[in-house]
Amino acid sequence: MGHGGGGALSAELIEQVFAPAYGNPLLAGLADSAVFDLGGARLAFSTDSYVVRPLFFPGGSLGDLAVNGTVNDLAMSGARPAFLSTAFVLEEGVELAVVGRIARAIGAAARAADVTVATGDTKVVESGHGDGVYVTTAGVGLVPEGVDIRPQRARPGDAVIVSGPLGQHGVAVMSVREGLEFGVGITSDTAPLAGLVAAMLAVTKDLHVLRDPTRGGLGASLNEIARASGTGVRLRDRAIPVPEEVANACGFLGLDPLYVANEGRLVAFVPPEHAEAVLAAMHAHPQGTGAALIGECVADHPGMVVVATGLGGTRVVDLPLGEQLPRIC
Amino acid sequence: MKYIEEFHDPERARRLLDEIHATATRPWALMEVCGGQTHSIIRHGIDQLLPENVELIHGPGCPVCVTPLDVIDKALDIAARPEVIFCSFGDMLRVPGTDRDLFRVKGEGGDVRVVYSPLDALEIARKNPGRQVVFFAIGFETTAPANAMAVHQARRLGLGNFSLLVSHVRVPPAIEAIMTAPSCRVQGFLAAGHVCSVMGTAEYPDLAKKHRVPVVVTGFEPLDILEGIRRAVRQLERGEHRVENAYPRAVREQGNPAALRMLEEVFEVADRNWRGIGPIPASGWRLTDAFREHDAEHRFDVSGIRTEEPAVCRAGEVLQGLIKPTECEAFGTACTPRTPLGATMVSNEGACAAYYLYRRMNAPAPQGSRIPREEMNPVG
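Here is a short report on the structure shown in this document. (Residues numbered from 1 in each chain as written. Chains lettered and ligands numbered in written order. Predicted model: local features only at pLDDT ≥ 70, side-chain atom pairs only at ≥ 80, totals over all residues. Heavy atoms only, no water.)

What about the overall build of chain A?
Line of reasoning, step 1. Along the backbone of chain A there are nine helices and 14 strands.
Line of reasoning, step 2. When its C-alpha atoms are laid out on the principal axes, chain A stretches across 60 × 55 × 40 Å.
Line of reasoning, step 3. For chain A, buried positions account for 56% of its 329 residues.
Line of reasoning, step 4. For chain A, the distance from the average position of its 21 positive side-chain charges to the average position of its 34 negative side-chain charges is 3 Å. (Helix = DSSP H or I, 4+ residues; strand = E, 2+ residues; numbered from the N terminus. Buried < 20%, exposed > 50% of the residue type's maximum accessible area, 1.4 Å probe, protein only. Lys, Arg positive; Asp, Glu negative; His and termini not counted. Charge placed at Lys NZ, Arg CZ, Asp CG, Glu CD.)

Here's what the structure looks like:
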């Protein structure tokens, strides 16, 4: 399971098993989506599987995630998402009403993200061989001319910006998970981000890196970017937006909000001369009202993410090993 | 949360630090007993901000770290049984036994579940009357009352399928063992606030007097820790050795009477083995005879366990404050969170893990290729 957690083990599985087996330059970038020319168009292409439990949680459902997740993976290349596929794996015995509710959520989320579900597939596995419903989506989108957004383009001096408060999705899901329920009034941040990215690109096409910090959270995303670009990242602890409820829940559970999953947030590396204008454009967009400048890309400690603590000390933010585990006390 | 935010205030931290710098005229070595405090110190960089003559020594207060290997191996043995649902706090799942851990048992088909409370495990027992539900009851005085409550409730509800694998340990005997060790350098203690919120402070005055060490009951937020250090240094400079409560918002002298009653009813003091340290007299609890039927060691035959610690691991010396994690030859090379040799590297609150996670400014990025373990269910 740790190999799917978005941390060091996930990266290792991809780098050591899948990438060598498939062997092509498109995979080398390890971005959220592949970008290539086809028939004169510049396309982004991405796929992702969604296995969340429970299927419905405060603020969203498996269906919302399956659309927004892939839409956002495309948007992180600067693409305007256009078409999606959906593939359902149903466990024998799952109620049709549940499948219907997820399908309606997919339809609604697709309309909200302005994408068309163009094709799909359904399989059923025996009882006990699944977790109710799994959904895989793939998507394609068009990348505007002159846009080149990938982790390798991070440069020392870049402003590091997040689009809003962190950790809401992961805490919302954990708060209702069987056996782990605890009362917090927090809802998932799941949302499509292509519109926000378009607003940022309207300021400058020279955005260097975009990433949606899903599983593994901001900590994992920044480590991936630092390693891909050979730069360092320096954050300011007190500038990182973590809602009180998320901080409290994480404190209670012994989790670090920097590693908690998000489904409607992005982190951007923006050339310093454009940072202020991009931040202003984000603030003017509904998905970016809580955007914040949290640090910068640096030449020191390449491949490593470091936080300046509020008290004046420093600490490393490592790539998490797998998923975080709640502590004893 | 403003309440927590107040205890991170940089201005107040600076004032406390200034006072500590102005007060400390000689070298002093303080031990923070609790792993939660160690984690907070390293995470917030507090040790980097102290004067050079005030050294923090990390104590044995990580419950995951000190759970002895034979108990881990017993847990693994029980968890692998088909009739058992084995419930544990999450951070015990990666702790290595002699040849595997609970994640590996889960990956091999064992029904191992992460819970947040022993009462969750009790609920699982209620819903699964045909199966044996075992809760891994580890930890200090902080977690013991809730575990005692779970057993008490199981008895009241007639849940014969619920038992505890107990490895509870007590702080004061550990302090006594540290102070009587010939190599001890500790001159003052930051006592663990959570423990004292349950037990009160009555166990400490004799220790402070006997060993002539200040004991300052200290919380876990950055300002709590700085205040604890400030008071301990002030006592040392004045030649005092008293018990002070620097965590009054959580700790009363008499502790939590309801929790203490529950402990007394369900547990009795017993000798305990500490991983990396060895046996400490009267340093733990076990279920009383009246609750013996809920003792997993009584219910399942786990005799004949043979344990073997990695030869190069120096976790025991780290736990006793004899060396810093970075002084261990295996630190960051043979021993990393990916390939932990000892529990101090695998535990969230372990001193080695804290140093590895937060203090590798110039170390290479972690590498590895081992196919690992089952972890928590995904959220996306």
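Next comes the rest of the account.
Overview of the pairing of strand β2 (residues 54–61) of chain B
Residue and element names in this part refer to chain B.
Line of reasoning, step 1. The buried count for β2 comes to seven of eight residues, which makes it a mostly enclosed element.
Line of reasoning, step 2. For strand β1 (residues 28–34) and β2, the ladder comprises six bridges, and the chain directions are parallel. In the strand pairing of β2, Cys34 is matched with Gly61. (Pairing = 2+ DSSP bridges.)

Thoughts on a nonpolar patch on the surface
Residues and elements named next belong to chain A.
Line of reasoning, step 1. Nonpolar side chains collect at one region of the surface, where Ile14, Val17, Phe18, Tyr22 and Leu27 lie side by side and expose about 430 Å² of accessible area between them.
Line of reasoning, step 2. With four residues, helix α1 (residues 8–22) is the largest single contributor of residues to the nonpolar patch.
Line of reasoning, step 3. Tracing the chain through its elements places Ile14 in helix α1. (Patch = residues over 30% accessible without salt bridge, like charges linked within 9 Å, V, L, I, M, F, W, Y side chains within 5 Å. Areas by Shrake-Rupley, 256 points an atom, 1.4 Å probe, with all protein chains shown as cover. Salt bridge = Lys/Arg side-chain N within 4 Å of Asp/Glu carboxyl O.)

Quick word on unusual backbone geometry
Line of reasoning, step 1. Arg53(A) connects to Pro54(A) through a cis peptide bond whose omega is 0°.
Line of reasoning, step 2. Inspection of the secondary structure assignment puts Pro54(A) in the loop between β2 (41–50) and β3 (56–57).
Line of reasoning, step 3. Even without being glycine, Asp114(A) reaches a positive phi, approximately 60°.
Line of reasoning, step 4. In this structure, Asp114(A) sits in the loop between α4 (96–113) and β6 (116–125).
Line of reasoning, step 5. Of note in this structure, Arg212(B) is not a glycine but carries a positive phi near 55°.
Line of reasoning, step 6. Relative to the elements of secondary structure, Arg212(B) occurs in the loop between α12 (204–211) and β8 (215–218).
Line of reasoning, step 7. Arg212(B) sits in the exposed class, given a relative accessible area of 57%.

A few points about the state of the cysteines
Line of reasoning, step 1. Inspection of the entire model under this criterion finds zero disulfides over all chains.
Line of reasoning, step 2. Not engaged in a disulfide, the cysteine Cys313(B) finds its nearest cysteine sulfur in Cys335(B); these two sulfurs lie 5.9 Å apart. (Disulfide = S-S within 2.5 Å.)

Regarding the pattern of salt bridges
Residues and elements named next belong to chain B.
Line of reasoning, step 1. Enumeration over the complete set of coordinates arrives at 37 salt bridges over all chains.
Line of reasoning, step 2. Measuring nitrogen to oxygen at the nearest pair gives 3.3 Å for the salt bridge that ties Arg231 to Glu244. You can see Arg231 sitting in helix α13 (residues 222–238) and its partner Glu244 sitting in strand β9 (residues 243–245), a full 13 residues away along the chain. For the pair shown, Arg231 and Glu244 are each scored as buried.
Line of reasoning, step 3. As a salt-bridge pair, Glu268 and Arg286 come within 2.9 Å of each other at their nearest N and O atoms. Placement of Glu268 in strand β10 (residues 267–274) and of Arg286 in strand β11 (residues 278–287) is noted, with a sequence separation of 18 residues between them.
Line of reasoning, step 4. Given the relative accessible area of 42%, Arg286 is considered partly exposed.

With respect to the packing of helix α5 (residues 168–176) of chain A against helix α8 (residues 244–253) of chain A
Residues and elements named next belong to chain A.
Line of reasoning, step 1. Direction vectors running N to C along α5 and α8 enclose 55°, while the axes themselves pass 10 Å from each other. In terms of their interaxial angle, α5 and α8 are classed as oblique. As α5 packs across α8, the resulting crossing turns out to be left-handed. Here α5 contributes Gln168, Val171 and Met174 to the contact with α8, which in turn contributes Val246, Ala249, Cys250 and Leu253.
Line of reasoning, step 2. Residue composition of the contact of α5 with α8, by class: six nonpolar, one polar and no charged. (Axes fitted to C-alpha atoms, helices over the stretch in contact; angles between N-to-C directions. Parallel < 35°, antiparallel > 145°, perpendicular 65-115°, else oblique. Left-handed = near helix turned anticlockwise from the far one by under 90°. Contact = heavy atoms within 4.5 Å. Nonpolar A, V, L, I, M, F, W, Y, C, P; charged D, E, K, R; others polar.)

Topic: the sheet that holds strand β10 (residues 232–236) of chain A
Residue and element names in this part refer to chain A.
Line of reasoning, step 1. Ordered in space as β9-β11-β8-β12-β10-β13-β14, the seven strands form an open sheet in which the pairing is mixed. In this open sheet, the two strands that pair with only one neighbour each are β9 (209–211) and β14 (314–317). Across this sheet, the average inter-strand angle for adjacent strands is 25°, counted without regard to direction.
Line of reasoning, step 2. The pairing of strand β13 (residues 305–308) with β14 spans four bridges and is antiparallel. Bridge pairing in β14 places Val305 opposite Val317.

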